[in-house]
Number of protein chains: 2
Amino acid sequence: MNASAHTATARPSRSAFVAACAEVLGAAHVLTDPHDTAPFLTDWRGRYTGEACAVLLPANTEQVAAVVRLAREYRVATVPQGGNTGLAGGATPDASGLQAVVSLKRLNRIRGVDPHNNTITVEAGVVLAEIQARAAAEQRLFALSLAAEGSCTIGGNLSTNAGGTGVLRYGNTRELCLGLEVVTPHGEIWDGLRALRKDNTGYDLRDLYIGAEGTLGIITAAVMKLHPAPVAQVTALAGLASPHAALDFLAMAQRHAGALLTGFELMSDFSLRLVGRHFGQMRYPFAEPHAQTVLLELSDSESEAHARTLFERLMEEAIEAGIVEDAVVAENLAQSRAFWDLREHIPLAQAEEGLNIKQDISVPISSIGRFIEETDALIAQAAPGARMVTFGHLGDGNLHYNVQAPEGVDPQAFLAGYQKRINALVYEQVHAHRGSISAEHGLGQLKVNEAMRYKSPVEVRLMQTIKAALDPENLMNPGKVVPARD
Amino acid sequence: MNASAHTATARPSRSAFVAACAEVLGAAHVLTDPHDTAPFLTDWRGRYTGEACAVLLPANTEQVAAVVRLAREYRVATVPQGGNTGLAGGATPDASGLQAVVSLKRLNRIRGVDPHNNTITVEAGVVLAEIQARAAAEQRLFALSLAAEGSCTIGGNLSTNAGGTGVLRYGNTRELCLGLEVVTPHGEIWDGLRALRKDNTGYDLRDLYIGAEGTLGIITAAVMKLHPAPVAQVTALAGLASPHAALDFLAMAQRHAGALLTGFELMSDFSLRLVGRHFGQMRYPFAEPHAQTVLLELSDSESEAHARTLFERLMEEAIEAGIVEDAVVAENLAQSRAFWDLREHIPLAQAEEGLNIKQDISVPISSIGRFIEETDALIAQAAPGARMVTFGHLGDGNLHYNVQAPEGVDPQAFLAGYQKRINALVYEQVHAHRGSISAEHGLGQLKVNEAMRYKSPVEVRLMQTIKAALDPENLMNPGKVVPARD
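Each chain has its residues counted from 1, following the order in which its sequence is written. All chains are assigned letters beginning with A, and all ligands numbers beginning with 1, in the order in which they are written. Since the coordinates come from a predicted model, pLDDT governs what is reported: local features require at least 70, and pairs of side-chain atoms require 80 or more to be given and counted, while whole-chain, interface and lining totals use all residues. Side-chain metrics in this entry use all non-hydrogen atoms of the structure; hydrogen atoms and water are not considered.

A run of H or I in DSSP counts as a helix once it spans at least four residues, and a run of E counts as a strand once it spans at least two, with each numbered from the N terminus. Summing up its helical and strand segments, chain A has 15 helices and 19 strands in all. For chain A, the C-alpha atoms occupy an extent of roughly 75 × 55 × 45 Å along the three principal directions. Residues are treated as being in contact if the distance between any of their heavy atoms lies within 4.5 Å. A sequence separation of at least 24 residues applies to 73% of the contacts in chain A between residues at least 6 apart. The Shrake-Rupley method, run with a 1.4 Å probe sphere, supplies the accessible areas, and residue values consider only the shown protein chains as cover. With the model as given, the accessible surface of chain A reaches about 17400 Å², and the carbon-plus-sulfur share is 51%. The average position of the 41 basic charges and that of the 54 acidic charges among the side chains of chain A differ by 6 Å. Charge counting treats Lys and Arg as positive and Asp and Glu as negative, with His and both chain ends excluded. Note that the charge is assigned to NZ on lysines, CZ on arginines, CG on aspartates and CD on glutamates.

It is common to give the size of an interface as the accessible area lost on bringing the parts into contact. Listed per partner, the contact involves 89 residues of chain A and 89 residues of chain B. Between chain A and chain B, a total of about 6900 Å² is buried, with carbon and sulfur atoms accounting for 54% of that surface. Here the quantity called buried area is the accessible surface, traced with a 1.4 Å probe, that two parts lose on coming together, added over both. For the chain A face of the interface with chain B, the top three residues by lost area are A:Lys198, A:Asn200 and A:Tyr203, together amounting to 15%. Definition used for salt bridges: Asp or Glu carboxyl oxygen within 4 Å of a side-chain nitrogen of Lys or Arg. Counting across the interface, chain A meets chain B through 14 salt bridges. B:Arg461 serves as the salt-bridge partner of A:Glu188, at 2.5 Å between the closest nitrogen and oxygen. We call two N or O atoms a polar contact when they sit within 3.5 Å, provided that within protein one can donate a hydrogen and the other can accept it, with sequence-adjacent residues counted only if both atoms are side-chain atoms. Linking chain A with chain B are 51 residue pairs in polar contact (both at pLDDT 80 or more), by the criterion used here. Among the secondary structure elements, those contributing two or more residues to the side of chain A that touches chain B are α6 (167–170), β9 (189–192), α7 (205–209), α8 (243–257), α10 (304–320), α14 (448–454) and α15 (457–470) of chain A.

Moving on: unusual backbone geometry. One non-glycine residue with positive phi stands out, namely A:Gln139, at about 55°. Relative to the assigned elements, A:Gln139 resides in the loop between α4 (128–137) and β7 (140–141). Although it is not a glycine, B:Asn474 sits at a positive phi angle of roughly 50°. Locating B:Asn474 in the fold gives a position in the segment after α15 (457–470). What makes B:Asn474 buried here is its relative accessible area of 16%. Here's how the labels work: a residue is buried when its accessible area is under 20% of the maximum for its type, exposed when over 50%, partly exposed in between, all with a 1.4 Å probe on protein chains only.

The next thing to look at is the UniProt feature "domain: FAD-binding PCMH-type" (unreviewed entry) in chain A. UniProt positions are given in the numbering used here, feature names are shortened, and annotations may be inferred rather than shown by experiment. The UniProt record annotates "domain: FAD-binding PCMH-type" (unreviewed entry) at residues 48–229 of chain A. Secondary structure over residues 48–229 of chain A splits into 21% helix and 24% strand, and the C-alpha atoms at its two ends are 38 Å apart.

For the rest of this paragraph, the subject is α15(A). Residue and element names in this part refer to chain A. By this rule, a helix spans an expected 1.5 Å times one less than how many residues it contains. Under the 1.5 Å per step criterion, the end-to-end length of α15 is 20 Å for 14 residues, consistent within 8% with the ideal 20 Å. By the criterion of burial, α15 is predominantly enclosed, with ten of the 14 residues buried. The set of residues buried in α15 consists of Val458, Glu459, Val460, Leu462, Met463, Gln464, Thr465, Ile466, Lys467 and Leu470.

What follows deals with helix α4 (residues 128–137) of chain B. All names here are of chain B. Of the positions making up α4, those classed as buried are Leu128, Ile131, Gln132 and Ala135. The buried residues of α4 all sit within an arc of 100° when viewed along its axis, so they share a single face. Residues of α4 that are buried in the fold lie against β6 (119–123), β7 (140–141) and α5 (154–160). Once α4 ends, the next one or two residues include Gln139, with phi positive near 55°. Note that the arc is computed from the directions linking the helix axis to the C-beta atoms.

What follows deals with the sheet that holds strand β1 (residues 30–31) of chain B. All names here are of chain B. Criterion used throughout: strands pair if DSSP finds at least two bridges between them. Pairing is mixed across the open sheet formed by four strands, whose spatial order is β1-β2-β4-β3. Looking at which strands have only one partner, the edges of the open sheet turn out to be β1 and β3 (78–81). In the sheet, strand β2 (residues 54–56) pairs with strand β4 (residues 100–103) via three bridges, with the strands oriented parallel. Looking at β4, one finds that Val55 is bridged to Val101.

So, about the sheet that holds strand β4 (residues 100–103) of chain A. All names here are of chain A. Across the sheet, four strands lie side by side as β1-β2-β4-β3; this open sheet has mixed pairing. The sheet terminates laterally at β1 (30–31) and β3 (78–81), the two strands that pair on one side only. The sheet contact formed by β1 and strand β2 (residues 54–56) spans two bridges and is antiparallel. What sits directly across from Val30, in β2, is Leu56.

Quick look at the relation of the copies chain A and chain B now. Under the fitted operation, chain A is carried onto chain B by 0.0 Å of movement along the axis and a turn of 180°, and the coordinates agree to an RMSD of 0.0 Å. In short, the pair behaves as if placed about a two-fold rotation axis. Interface overlap between copies: 100% of the residues of chain A at the interface are likewise at the interface in chain B, consistent with a symmetric, same-surface contact. The atoms used to superpose the copies are C-alpha atoms, taken from residues with pLDDT of at least 70 in both, and the fit is least squares.

Right, let's get into the packing of helix α8 (residues 243–257) of chain B against helix α10 (residues 304–320) of chain B. Residue and element names in this part refer to chain B. At a minimum axis separation of 10 Å, α8 and α10 run at an interaxial angle of 145°. For the pair α8 and α10, the sense of crossing is right-handed. Listed contacts from α10 to Phe249, Met252, Ala253, Arg255, His256 and Ala257 of α8 are Leu310, Arg313, Leu314, Met315, Glu317 and Ala318. Residue polarity is assigned by list, with Asp, Glu, Lys and Arg as charged and Ala, Val, Leu, Ile, Met, Phe, Trp, Tyr, Cys and Pro as nonpolar; anything else, Gly included, falls into the polar class. Looking at the contact of α8 with α10, its residues break down into eight nonpolar, one polar and three charged. Axis definition: a line fitted to C-alpha atoms, over the contacting stretch in the case of helices. Angles run 0 to 180 degrees between N-to-C directions. Two helices crossing with the near one rotated counterclockwise from the far one by less than a right angle form a left-handed crossing, whereas a clockwise rotation gives a right-handed crossing.

Quick look at the nonpolar core now. Note on terminology: a nonpolar core comprises buried Ala, Val, Leu, Ile, Met, Phe, Trp, Tyr and Cys residues joined through side-chain atoms within 4.5 Å. Core analysis: the biggest nonpolar cluster contains 198 residues, and A:Phe249, A:Leu296, B:Phe249 and B:Leu296 have the highest contact counts within it. In this structure A:Phe249 touches A:Ala238, A:Leu240, A:Phe264, A:Val294, A:Leu296, A:Leu314, A:Met315, A:Ala318, A:Ile323 and A:Val324, once residues within four positions along its chain are discounted.

Here it is, written out as structure tokens:
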């Protein structure tokens, strides 16, 4: 959509659109005052800011459908938004002021829980932590867990196919979803709220909408999978000499623990040093530093003692085999929490240290060691002194392979000078290892062009064909995920 | 596509098409002699027979692409085929003689195994059992397992999103696939052979092709997930009074065993009586019959003793709670095998007993008890004396809810008189319980119209829009999965 081309003739109809929305939603749920709309127009990290002709707050699926039909009638593009915690600008409108933000916040009902079926049916605007809490109340686990869980919403999780810390065992958001309700670009409601483990009666529309960031329709509700709640979760830390050792350790841990292994997170020495520098109260439990530290989590349906015994056996074998240098198993819940805190404070410590270059990449797990070695060397050449903050979900092949300015160098200046070069270098390396430059955060507006550059023309055309077929007028979150067809 | 409309003008060009294919594939790999083509034109159960202008046997992906381009040029519809073991006629051409069967049999290479990444890359024509064997050689498990595994191919498994006995823990074929290589309707090759656990860089084309039965393109290769091989698999049988009790037992087993529970199969008393009647050597291990028998399987990464202890604890609690009437844990591999044999001989015993009405339905697991009760009663009314052969993957909500003629009634006559009525009745019941009329077998040509009748017009239109956009000339397995747009 060429925004400027529309401006002259379209402006007058936009106020008519806003008025028509107020008719449907009630004036209180159509925000136009800049003071009211501001929180919806900038993402939570403050990296993206847009303009909108209105922020619309429908109360239910029918109202979402009505708004999409009006948007179609008035040719207004819509940008759906959940908790506004995205990392790629997918929920921020463009700068034209011609788009409308559709906030799903008021679609916040848990429609039902079916413990025998291990499912929960939720509206798009339900906050992730609320789903976790409701599942826990039924002695069930909702396995999606990520840093923003206190404010992100399930609609956004689905639209970006969010990852997080439970993927090793339970999969991404995609694998946790059984059915969807979606408002199509034509303003119709697709009721695909199936609660079935098996259904082979046609094309997999569900998975097409998941990860599409609102570009093919607006997800309004979902049936999500629950799991039996484990009776014990035990955490351990292991110190290792290299990412290669961490890979050997992963294979050994999977052999020992099978599906009980629910977490396997890598933290480089420098990542933990940063945590120590900015959060002095956090204790690294080993006497000596290790080049790499792995956080493991076991989720056990038998007992804490069983999980602990399993850990002890694993660590013994790993130390004997020379794979692990030192290990410690959390003695209680508080210590488990403290181990996770170390991991979770890495991004916070990075922020304290100053602006940095963030990556969210994945490669085949078997390539991680080589990827880190090669890419570290290339970055050391390209940006001498740059400090690598390497951590992440090793069990999923997913690293936050971040780059901090050299000690004493102004971060702003470093980014201005190096961000483009380092991104290009990392993306080339990811591509060479057949990896992904956006593993769990989506493309949004941040990485569309870069991502398409690494896809084959065949794949880009397939995506564009689907987009054009389902949203022929390009009114659903245009410009995100897929570039418009020429 | 209206076949007859093409006939007059198109016939001559068909021989040109066949000649052009012979040029590309070599004459030996283009079958036209009825003696040679016959095995490809009838499905293995002999339910569907079609005609074809040729059976094409490309040797690799490039040859598949070349064949699809030629088919496009000559406007010949293609019908991809793997092991020809499908249950819904999806791989059988229509009766026009104008379609070409593309057999993927010669694409039978395992391209690679990556044990550290827990992945295997296979061509579409590799037989399922070969993948299992290759995984086992690497101390890995390939978790897809179903009756036809000795002859079905992974391309067919993917195209029908096959289920089987491992779904409870490992998911359907869909959940076991990380990446695909596909020949598009335009004869281009999409290389989506990613071996990543996380990749959020665009629309989920992979899952669109999975389950599409060749109507959107031809799958030529795939990256499939492996799991660490369990060190022990132990099986048990439990006798129960009702499907309701079986559901309570499922919840209890999942609480006890978590992800170690890899099998939970229901077998009604009459199902096992049929096995006893036709396979006298199979022993039912309980002294008294039980209304329902459940087969459980634990896959343990610790030891056989651990699995056995877990089973014993579970059975004790279930018997004390009055949920289970009697239980037996297999004492060795041979007995485990014998328990599975009971389960696997049910369809064989049915065949011995005579033609019957087969269903492959799923409902939310919590509804299974009510579904069986209600539907049994309705069938008893509609077809007095009809014998219900109810068995299947209870843990997935998936039943083979089959109906056998009353004792002494000619099966042929029974089917002629009742099949339509009973199907309609079962489908209505499935629909009322928000279930699926094709849980794990796909739609093929068998159930397209029925399935569409139970889908909303919105969903049918979405499917048709995608089909028309990706295959505008409707040349990819036309008539399967989705009805052509008017």
